[in-house]
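Remarks on the overall topology
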Amino acid sequence: MSSTSQKCSAPALPSNEDFPFMGFGTMEHADGSKKPEDIFEAVKKALTVGYRHLDTAELYQTQELVGKAVAESGVDRDQIFITSKLKGMPCGEYSAVKQRTSSMLKRMSLDRFDLLLMHWPGPETANWEADPEDLAKSCDFSWFRENLKMAWDNMLRLKAEGLVRHVGVSNFYPAHMAELKKQFPSLPPFANQINVDALNQETDFVQSMHKDGIAVIAYRPVAFIPVYEMAASMGDNTSTVLDDAAKKFGASSKQQLVLAWLMSRGIRVIPKSASAANIQANYDALSLLGKGELAPDALDPLKEGSEVVAMCQGVDEYAAALKDVAANASSR
């Protein structure tokens with residue numbers, strides 16, 4: 001980012017070399033179907049294949065394993081972009097926030113993170129295993145507004161002291177971003193990590209952030225594709241549209257197609273998998289970008305979403321709940 005930019009000019013978006021478009025998610029499997037060593041082996045495989053962006057978080061139970069995989073991969077640390085996330089908004093004494101960050105670094109045997117995000121726009125104690133509506137209540141917008149300055153000041157101080165290279169946010173929606181811009185007009189986040197996929201396209205929101213020089217990272221970008229396939233038996237055409245597009249653009253799967261389409265929109269992606277074949281196939285989505293045929297509007301037929309898929313729980317209900325918090329704040 002240029003230090004000579006005028007305050008009214010947005011910083012340039014980071015390049016693929018500075019911040020790889022293809023990343024690898026390391027959250028443990030909520031259903032317990034994968035053992036810890038599976039996460040370790042998956043990260044090692046991802047690094048062998050060529051992934052150079054790893055996404056982790058204080059909330060996850062896999063950080064030590066990810067750090068071990070990095071150390072044993074043979075890939076130079078400076079070649080790997082590592083993102084982590086602090087639980088909620090780091091309010092309170094800076095010393096406590098610094099200790100939490102230092103503890104994560106120690107678990108991963110690192111001396112810094114390349115990017116540190118506030119994981120959600122609410123208190124550290126918000127329960128992500130609760131009902132989505134209860135999560136939304138704990139992430140009240142008034143609380144957010146009142147505590148934002150302290151939290152962002154703490155993040156900026158972590159950067160100033162060299163514990164992290166960049167700071168950003170996660171699960172922030174338009175009203176959250178507007179409030180952050182209002183309180184810190186010249187100190188924007190490096191990135192915002194949100195749920196974006198084939199049916200939840202967030203077109204206007206993504207364009208707005210890119211215009212402000214803020215990178216967008218899509219979490220769970222292909223997680224609901226099995227639900228699309230199930231919904232096909234109920235007359236939904238989402239799976240068919242993706243299959244047709246995959247065939248048209250030479251993708252080997254719906255997953256590969258969606259990942260390539262997201263990246264064609266300038267969005268970073270962090271799919272996760274414990275399957276060696278899927279890890280490779282997801283990474284190979286990068287090869288579709290060089291063909292110049294896959295345009296950002298390739299999945300426009302799906303931009304209105306699907307009621308059938310939603311009914312089959314093919315949406316991220318927690319992301320939707322936080323999005324509603326922001327929407328309700330904007331309507332006041």
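Everything below is about the structure shown above.
This report concerns the structure included in the present document. (Residues numbered from 1 in each chain as written. Predicted model: local features only at pLDDT ≥ 70, side-chain atom pairs only at ≥ 80, totals over all residues. Heavy atoms only, no water.)

1. Describing the sheet that holds strand β7 (residues 215–219)
Put simply, the rule is: In this analysis, strands are considered paired if DSSP registers two or more bridges between them. Strands are runs of DSSP state E lasting at least two residues, helices are runs of H or I lasting at least four, and both sets are numbered from the N terminus onward.
Across the sheet, which stays open at both edges, the eight strands sit in the order β1-β2-β3-β4-β5-β6-β7-β8 with parallel pairing between neighbours. Looking along the sheet, the strands with just one partner apiece sit at the ends: β1 (24–25) and β8 (268–269). As paired elements, β1 and strand β2 (residues 53–55) share two bridges and run parallel to each other. Residue Gly 25 lies in a different strand from β2, and its bridge partner there is Asp 55.

2. What about the pattern of salt bridges?
Our working rule: Only one rule defines a salt bridge in this text: a Lys or Arg side-chain nitrogen within 4 Å of an Asp or Glu carboxyl oxygen. Remark: exposure states derive from per-residue accessible area (1.4 Å probe, protein chains only) relative to the maximum for the residue type, with buried under 20%, exposed over 50%, and partly exposed in between.
One pass over the full model with this rule turns up 18 salt bridges. Where Glu 179 meets Arg 145, a salt bridge forms, and the shortest distance between an N and an O atom there is 3.7 Å. Of the two residues, Glu 179 is situated in helix α6 (residues 174–183) and Arg 145 in helix α5 (residues 141–160); the sequence distance between them amounts to 34 residues. The buried category is assigned to Glu 179, whose relative accessible area is 9%. Its relative accessible area of 37% is what places Arg 145 among the partly exposed residues. In this structure, the salt-bridge partner of Lys 323 is Glu 202, at a minimum N-O distance of 2.9 Å.

3. Some details on the pairing of strand β5 (residues 164–170)
Heads up, the rule is: Looking down the strands as they point away from you, a crossover is right-handed if its path from the first strand over the helix to the second goes clockwise.
Of all seven residues in β5, six are buried; the element is thus mostly enclosed. For strand β4 (residues 113–118) and β5, the ladder comprises five bridges, and the chain directions are parallel. Bridging across to β5, Leu 117 finds its partner in Gly 168. Pairing analysis gives two bridges linking β5 to strand β6 (residues 191–195), with the strands arranged parallel. Bridge pairing in β6 links Ser 170 to Gln 193. As a crossover connection, the stretch from β5 through α6 into β6 is right-handed.

4. Examining the packing of aromatic side chains
Here is the rule we go by: Paired rings are identified among Phe, Tyr and Trp, the last through its six-membered ring, by centres lying within 6.5 Å, and are further divided according to the angle between planes into stacked (under 30 degrees), edge-to-face (over 60) and tilted (the rest). Charge-over-ring placement is defined geometrically: NZ (Lys) or CZ (Arg) within 6 Å of the ring centre, and within 35 degrees of the ring normal.
All told, the structure shown has 10 aromatic pairs when counted by the stated rule. Note on Phe 141 and Phe 144: the rings are 5.2 Å apart at their centroids and 45° apart in plane angle, and the pair reads as tilted. Remark: Phe 144 and Phe 141 occur in helix α5; sequence separation between them is three residues, near one turn of the helix. Of the two residues examined, Phe 141 and Phe 144, each falls in the buried class. Here the aromatic residues Phe 19, Phe 81 and Phe 190 are joined through ring pairs into a cluster of three or more. In this arrangement the basic side chain of Lys 68 is found over the ring face of Phe 40, its NZ or CZ atom lying 4.9 Å from the centre. In this structure, Arg 268 is placed above the aromatic ring of Phe 21, and the distance from its NZ or CZ to the ring centre is 3.8 Å.

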